[in-house]
Amino acid sequence: MALSTVTTAFSGNPLNRADHLRNDAEILGDWARRDDARFVLFADDRVLTDEFGDIAG
């Protein structure tokens, strides 16, 4: 079977991860100042939570 006919689980995903924008401080700053901005904080590949297990805010 040709490799081009094999579809892996994560290929072809329509989700736009915008990875080319993640290191752009100006764009990230613009997004952070939006009223509808939301963030999830991670440390060591884990979501940061408070002492109750709620997402830290």
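Now for a quick tour of the structure. Bear in mind that the values here come from a model prediction, so they are computed numbers and not experimental data.

With that settled, consider the environment of Arg33. Within the fold, Arg33 resides in the loop between helix 1 (25-32) and strand 1 (42-43). Exposure remark for Arg33: the relative accessible area of 60% places this residue in the exposed category. Reaching out from Arg33, the side chain makes a polar contact with the side chain of Asp30 at a distance of 2.8 Å.

With that settled, consider the environment of Val47. As for its placement among the helices and strands, Val47 is situated in strand 2 (residues 46-47). When its relative accessible area of 36% is taken as the criterion, Val47 is described as partly exposed. Among all residues touching Val47, those that are not within four sequence positions of it are Val40, Leu41, Phe42 and Ile55.

Turning next to the pattern of salt bridges. In this structure the tally under the stated criterion is two salt bridges. With its nearest N and O atoms 2.7 Å apart, the salt bridge here joins Arg34 to Asp36.

This part takes up a nonpolar patch on the surface. On the surface, a cluster of nonpolar side chains totalling about 370 Å² of accessible area is made up of Val40, Phe42, Val47 and Ile55. Structurally, Phe42 is set in strand 1. For Phe42, a relative accessible area of 55% puts it in the exposed group.

Analysis parameters
Residues numbered from 1 in each chain as written. Predicted model: local features only at pLDDT ≥ 70, side-chain atom pairs only at ≥ 80, totals over all residues. Heavy atoms only, no water. Helix = DSSP H or I, 4+ residues; strand = E, 2+ residues; numbered from the N terminus. Buried < 20%, exposed > 50% of the residue type's maximum accessible area, 1.4 Å probe, protein only. Polar contact = N/O pair within 3.5 Å; in protein donor to acceptor, adjacent residues only side chain to side chain. Contact = heavy atoms within 4.5 Å. Salt bridge = Lys/Arg side-chain N within 4 Å of Asp/Glu carboxyl O. Patch = residues over 30% accessible without salt bridge, like charges linked within 9 Å, V, L, I, M, F, W, Y side chains within 5 Å. Areas by Shrake-Rupley, 256 points an atom, 1.4 Å probe, with all protein chains shown as cover.

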